[in-house]
Amino acid sequence: MSALAVLCLGTSSLQAADGAAAGGQPPLYSAHGILPHPVQAPGIVERTQKTDGRQALFTRNGQQVRPSSVVVQPGKEEAEKAARTYIRHIGLHPYSNYPPEEFGVYGENGRELLERVNIPLHEGDPDTGDGPPLPRPEALFNKMHWNEWLRNRGVAFMLDNTNEFAGVITSPTKGLGLKQGASNAGQYSLENDIDWYKLAGIRGFQTHIIGVGRYGIPASRMFGDNVNPSQEIYGGGGNVVFHLIHFYGEETLWGGRLNIAAGRMSTNSDFANSPLYCNFMNNAFCGNPKAVTDTYTRSSYPGTSWGARVRGRPTNSTYIQVGIYFPERGIYGVQENRTGFKFNGATISGVLTPIEIGWEPEFGKQQLPGHYKFGFAPDTSDHYLGVYNPPNRRNGWRTLMTIPNCPTCQGVGDEVPGTGIRRNFNWGLWFLADQMLIKHKTADTPEGGLVAFFDAYWNKADTAMRGKMYAFGLVDTGFWPARPLDTVGVSFSYTGSSRYTRDAQRFQIEHGMAPAQSSAYYASGGAPLLWGSYGEQRWGSTLEATYRIHVMRGVIFAPDFQYFFNPGMQRVLKDAALLGFKSHVQFF
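Keep in mind that this is a model prediction, so the values were computed, not measured.

Caption draft 1: Fine view of the overall build of the protein. Scanning the protein from N- to C-terminus turns up nine helices and 24 strands. A separation threshold of at least 6 residues defines the contact pool for the protein, and within that pool the share at least 24 residues apart is 67%. Within the structure as shown, the protein displays about 25600 Å² of accessible surface, and the carbon and sulfur contribution to it stands at 60%.

Caption draft 2: Representation of the state of the cysteines in the model. According to the stated counting rule, one finds one disulfide in the structure shown. Covalent S-S linkage joins Cys 278 and Cys 286, the inter-sulfur distance amounting to 2.3 Å. One disulfide, between Cys 278 and Cys 286, carries an S-S torsion of 105° and so falls in the right-handed class. Residue classification places Cys 278 among the buried residues on the basis of a relative accessible area of 5%. Note on Cys 286: relative accessible area 0%, which makes it buried.

Caption draft 3: How the structure looks around the side chain of Ser 183. Along the polypeptide, Ser 183 turns up in strand 9 (residues 182-195). Of note is the side chain of Ser 183, whose polar atom sits 2.5 Å from the backbone oxygen of Ile 217. The contacts of Ser 183, once residues within four sequence positions are left out, are Glu 164, Phe 165, Ala 166, Ile 217, Pro 218, Ala 219, Met 222 and Gln 231.

Caption draft 4: Region of interest: the environment of Arg 136. Looking at where Arg 136 falls in the secondary structure, it is placed in the loop between helix 4 (111-115) and helix 5 (145-151). Taking the C-alpha atoms as reference points, Arg 136 and Phe 588, separated by 452 residues in sequence, lie 9.2 Å from one another. Reaching out from Arg 136, the side chain makes a polar contact with the side chain of Glu 148 at a distance of 2.7 Å.

Caption draft 5: Here's a closer look at the pattern of salt bridges. Scanning the model with the defined rule gives 10 salt bridges in all. A salt bridge links Glu 164 to Lys 582, with the nearest nitrogen and oxygen atoms 3.7 Å apart. With Glu 164 in strand 8 (residues 155-168) and Lys 582 in strand 24 (residues 576-586), this pair connects stretches of sequence that are 418 residues apart. Residue Glu 164 is classed as buried on the basis of its relative accessible area of 0%. Among the charged side chains, a salt-bridge network with shared partners connects Asp 270, Arg 309 and Arg 311.

Caption draft 6: Inspection of the pairing of strand 18 (residues 426-439) at higher detail. With 10 bridges connecting them, strand 17 (residues 368-379) and strand 18 associate as antiparallel partners. By the bridge assignment, Pro 378 is partnered in strand 18 with Trp 427. In terms of strand pairing, strand 18 meets strand 19 (residues 449-459) through 11 bridges, oriented antiparallel. Across the sheet, residue Gln 435 finds its bridge partner in strand 19, namely Ala 452.

Caption draft 7: Here's a closer look at the nonpolar core. Phe 285, Trp 430, Phe 453, Tyr 457 and Met 469 are the most contacted members of the largest nonpolar core, which totals 25 residues. Put simply, the parts of the chain that give this core at least two residues each are strand 12 (258-265), strand 17, strand 18, strand 19 and strand 20 (466-477). Setting aside residues up to four positions removed in sequence, Met 469 forms contacts with Ala 284, Phe 285, Ala 291, Asp 455, Ala 456, Tyr 457, Ser 493, Tyr 494 and Thr 495. With eight residues, the next largest nonpolar core counts Ala 166, Val 168, Ala 219 and Ala 576 among its residues.

About the thresholds
- Residues numbered from 1 in each chain as written.
- Predicted model: local features only at pLDDT ≥ 70, side-chain atom pairs only at ≥ 80, totals over all residues.
- Heavy atoms only, no water.
- Helix = DSSP H or I, 4+ residues; strand = E, 2+ residues; numbered from the N terminus.
- Contact = heavy atoms within 4.5 Å.
- Areas by Shrake-Rupley, 256 points an atom, 1.4 Å probe, with all protein chains shown as cover.
- Disulfide = S-S within 2.5 Å.
- Buried < 20%, exposed > 50% of the residue type's maximum accessible area, 1.4 Å probe, protein only.
- Polar contact = N/O pair within 3.5 Å; in protein donor to acceptor, adjacent residues only side chain to side chain.
- Salt bridge = Lys/Arg side-chain N within 4 Å of Asp/Glu carboxyl O.
- Pairing = 2+ DSSP bridges.
- Core = buried A, V, L, I, M, F, W, Y, C linked by side-chain atoms within 4.5 Å.

Given below as structure tokens:
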């Protein structure tokens, strides 16, 4: 609050004397919301400085008033505390207000929307139309006249670019057709958010539309890793100028206690996610954790499906959310979802019903925030992922995929375990935790502090290639007083394959589907085993360190180092190291 809080109780009033500094009279709140200014300000109370032996005189509009009817001007902190106490007393607990601007990757288009589940309720300004403020990232062209005109009427447009470059600094495994090199990937995105309370008086209703154009591929493919790509900002864009992603509306009720959203949505923009992840560049968990997105049913940005989600907050620091989504096969392929505008739902194959429970406490005098989430996501879709179901009595001990007719393969025509078997039930399970350990007192970034996080994900083994994933790390923003918007981070992830993946690949190897190294097949760049692997997939890890530099308003540049242990979960591949950078430019 830039001016002193003013509280009205019956005929008594507490008025802020800082109106001139604020350029007008400060707002005044009651149980019915914000009060009109004529009610707030019956007149300015002036104080005549007292002299020795004389009492101070108080006048209003030239008329003397009794000191008992005047409240002496408190300090700013006392006024804010009084306002919070009063708002709490009358039972108002609105949705927490975001800072006026979001910084760095926290302002990346599409990320602000998922932050809404990641911040607990607080007492604040109840004059929000029962809906959270529209995203307001720090931008290169911060206050263009046309954009400000629209924002004042509840219409926000944002344009940004995220670019990720990585170069391999170690030599790859020889004889497999792999190479050492560098690659670039990125996207530009356009986001439109409308607050229909400001625009048309529809309380609590907002709509969100996001589209992207993507380019490039990750460098990790060059040395054989298709499990945890070195650059997350690739794929799913359809190779078109504009690929539609989000197209949905949300209604916020009771000051944020209940939020309902429906439309074309990404499941993992709300579930099993955290805005901390994209401080990093590796796709192990930036964007959406790869273990969570191991099947098409749990849609991940930029893939979407028809769905609805309901989130309730029984207390200021707890929530429970439930969703119902209708997964579509091919949402990541160009045949069914190249532009994102195919709405007919012809490929819907089942129902996904995730549920997540969250606790978001604040500890100690510094109110150190934490987020603890537990979720479960069952679905009834068809899964033909091929390698995870060994032959059994139900299918007469037979499978559909056979060993190809290649010059070096043995057992041509033999069937591979599990391929072609349909499963129509799947599930995923997760636990996420992050906790701020130290808060940095900087005026520039309210989220500044040292945060530790730990994540764990498990998948149903017979419908997923990644059986489990664990990750932990540290992120520190504002640690350097001279550079309060810079961030340093380090993370480690572990990904383990499912036992069905290992069994099927072991069968392929035993039947000669893994030809000798240096053969013509390898020289052509082909990986002979299922999931594009060169050997049995067991486990792999990534280590990443980054330093995010706030170059100027709306511009972030982050040098990045990554190290891959067992790339692609394959022990037959050499470890690999990469150097690169991630940049983000928010234009408006």
